[in-house]
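Secondary and tertiary structure notes
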Amino acid sequence: MKFLTLLTALLVSTTVWSQEFIADASSSTLKWNAKKVTGEHYGKVKLKEGKLVIRDNQIAGGNFVIDMESITCDDLESPEWNKKLIDHLKSDDFFSVGTYRVALLGNVKSDKFNGDKAKVTADLTIKGITKPITFEVIKKGNVYTSTITVDRTQYNIRYGSGKFFEGLGDKMIYDEFTIEVKLVVK
């Protein structure tokens, strides 16, 4: 009987407890920003769903679904020009939303949090193409924030890229765009 009690105590003390959190999609925000030679555009895209696993003071797993159909532009006030930009972003020149309605951030893992910061690695899937990505996250309570930089050309988004087209002049669009993330979990 003592052996069984000792074995149970040993197993319990060496078990690492995990907590799984569900993303609060309505409170979370994803703000994108893309720059070109002559300016920039910015807007939002919605988080559809997601979960985050925390174990031993680090992110041990996570998967998120981003609704590409929800993309908005917040800087163009003209309804006509705003619609043109959104339609272009949803076209095959950019995100091919008719075919790829969602983007995915999966296999999310981090180093241990040092204070409130941790280095995160994940797999980002855009247009059916998956590439590894690394970024820093800051945790405050049940809110995780980050700015993720994405090289769009890795996902076959070449429109207006100086890597693939010559003589673009002031029509060139920079290859990297950012996503400012505020993830609220419950």
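Structure shown above.
Attention in this report is confined to the structure presented alongside it. Computed from a predicted structure; not experimentally measured.

With that settled, the discussion passes to the pattern of salt bridges. Throughout the structure, instances matching the rule amount to nine salt bridges. Between Glu69 and Arg101 there is a salt bridge, with its nearest N and O atoms 2.9 Å apart. Placement of Glu69 in the loop between strand 4 (58-67) and helix 2 (79-90) and of Arg101 in the loop between helix 2 and strand 5 (102-110) is noted, with a sequence separation of 32 residues between them. Looking at Arg101, the relative accessible area reads 43%, which means it is partly exposed. In this structure, Asp151 engages Lys163 in a salt bridge whose closest nitrogen and oxygen atoms are separated by 3.1 Å. Separated by 12 residues along the polypeptide, Asp151 in strand 8 (residues 143-151) and Lys163 in the loop between strand 8 and strand 9 (173-184) bring together distant segments of the chain. If you follow the salt bridges from partner to partner, you end up with Asp151, Arg152, Lys163 and Asp175 in one network.

Positionally, Asp75 belongs in the loop between strand 4 and helix 2. Within the buried core, Asp75 has no salt-bridge partner, and the shortest N-O distance to an opposite charge, that of Lys36, equals 7.5 Å. Among the polar contacts made by the side chain of Asp75, one reaches the side chain of His41 at a distance of 2.8 Å. Of note is the side chain of Asp75, whose polar atom sits 2.9 Å from the backbone nitrogen of Tyr42.

Moving on, we get to the nonpolar core. The biggest cluster of nonpolar side chains holds 43 residues, and the ones touching the most others in it are Phe95, Ile126, Val150 and Leu183. Not counting residues within four places of it along the chain, the set of residues in contact with Phe95 comprises Met68, Leu89, Lys90, Tyr100, Ile126, Lys127, Ile157 and Phe177.

Given a rise of 1.5 Å per residue, 12 residues ought to cover 16 Å, and the 16 Å separating the end C-alpha atoms of helix 2 matches this to within 8%. Within the sequence span of helix 2, burial applies to Asn82, Leu85, Ile86 and Leu89. All buried residues of helix 2 project into a common sector of 95° when viewed along the axis, lining one side. Next to the buried residues of helix 2 lie strand 2 (29-36) and strand 3 (39-55).

In this fold, Lys109 is placed in strand 5. For Lys109, the residues in contact, after removing those within four places along its chain, are Ile59, Ala60, Lys119, Val120 and Thr121.

Reading the values: the criteria
- Residues numbered from 1 in each chain as written.
- Predicted model: local features only at pLDDT ≥ 70, side-chain atom pairs only at ≥ 80, totals over all residues.
- Heavy atoms only, no water.
- Salt bridge = Lys/Arg side-chain N within 4 Å of Asp/Glu carboxyl O.
- Helix = DSSP H or I, 4+ residues; strand = E, 2+ residues; numbered from the N terminus.
- Buried < 20%, exposed > 50% of the residue type's maximum accessible area, 1.4 Å probe, protein only.
- Lys, Arg positive; Asp, Glu negative; His and termini not counted.
- Polar contact = N/O pair within 3.5 Å; in protein donor to acceptor, adjacent residues only side chain to side chain.
- Core = buried A, V, L, I, M, F, W, Y, C linked by side-chain atoms within 4.5 Å.
- Contact = heavy atoms within 4.5 Å.
- Expected span 1.5 Å × (residues − 1).
- Arc of directions from axis to C-beta.

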